[in-house]
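Here is how the chains run, residue by residue.
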Amino acid sequence: MEFLGLADEMWVTVKFAIHFAQMGVGLLIAALALVGYRRQRTRSMLALAVGISLLTFVSYLVTLGAVQVAPRAVFPIPGTITELAGLLVLLYAIVLARRG
């Protein structure tokens, strides 16, 4: 079956490329936040780096692992939980930054 002139196999490749780019940009942002942490030694910068890593890199790896192990109806849940944890850590970073 084709959609917008591309076969299903091509869409899988496009999706993989987008996820790979997402992971790369997320790791770059996390690395920059770690550099900021090393300069300023603030917990909010460290929490920012951890939160971005959880949202982009770790959640994708967890999802890939869950696809291999969990039933089809369940495999999105571990990745979603990882993303929620990343959002909570980012919220913590924002609250820390506002405090001082």
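Per-chain numbering applies: the sequence of each chain, read as written, is numbered from 1 onward. Given that the model is predicted, a residue must reach a pLDDT of at least 70 before its local features are reported, and side-chain atom pairs must reach 80 or more before they are shown or counted; all residues, however, enter totals for whole chains, interfaces and linings. By convention in this description, side-chain values take in all heavy atoms of the structure and omit both hydrogens and water.

Once that is clear, we can look at the overall build of the chain. Looking only at helices and strands, the chain features three helices and two strands. Scanning the chain from its N terminus toward the C terminus, one meets helices and strands in the order β-β-α-α-α. Once the C-alpha set of the chain is aligned to its principal axes, its extents read approximately 55 × 25 × 20 Å. The buried share of the chain, reckoned over its 100 residues, is 22%. Under the scheme used here, helices are H or I runs from DSSP no shorter than 4 residues and strands are E runs no shorter than 2 residues, and both carry numbers assigned from the N terminus. Buried means the residue's accessible area, taken with a 1.4 Å probe over protein chains only, is under 20% of the maximum for its type, while exposed means over 50%, and partly exposed covers the values in between.

The next thing to look at is helix 3 (residues 76-99). Take the residue count of a helix, subtract one, and multiply by 1.5 Å to get its expected span. An ideal rise of 1.5 Å per residue puts 34 Å on 24 residues; helix 3 measures up with 35 Å between its terminal C-alpha atoms. Whether two residues are in contact is decided by their heavy atoms: any pair within 4.5 Å suffices. Where helix 3 is buried, its residues touch helix 2 (43-69).

Although it is not a glycine, Arg41 sits at a positive phi angle of roughly 55°. Of note, Arg41 is situated in the loop between helix 1 (8-40) and helix 2. Arg41 gets classed as exposed once you look at its relative accessible area, which sits at 58%.

So, on to the side chain of Ser44. Looking at the element boundaries, Ser44 is found in helix 2. On the basis of relative accessible area, Ser44 is assigned to the buried category, the value being 16%. If we ignore the near neighbours within four places in the chain, the residues touching Ser44 are Ala93, Leu96 and Ala97.

Looking now at the layout of surface pockets. Taken as a whole, the largest pocket spans an internal volume of roughly 240 Å³. As for the largest pocket, its lining consists of Lys15, His19, Gln22, Thr56, Ser59, Tyr60, Thr63, Leu64, Val67, Gln68, Phe75 and Glu83. Contributing elements (two or more residues each) for the lining of the largest pocket: helix 1 and helix 2. Top contributing element to the lining of the largest pocket by residue count: helix 2, with seven residues. Looking at the lining of the largest pocket residue by residue, the classes come out as four nonpolar, six polar and two charged. Think of a 1 Å grid over the protein atoms and nothing else: a 1.4 Å probe that fits but is trapped marks a cavity, an open set flanked by protein within 12 Å on at least five of seven lines marks a pocket, and residues with an atom within 4 Å of a point count as lining. Grid points are joined across faces, edges and corners, and a volume is the space filled by probe spheres set on the points. Residues are grouped as follows: Ala, Val, Leu, Ile, Met, Phe, Trp, Tyr, Cys and Pro are nonpolar; Asp, Glu, Lys and Arg are charged; all remaining types, including Gly, are polar.

As far as function goes, none of this settles anything; it's purely spatial.
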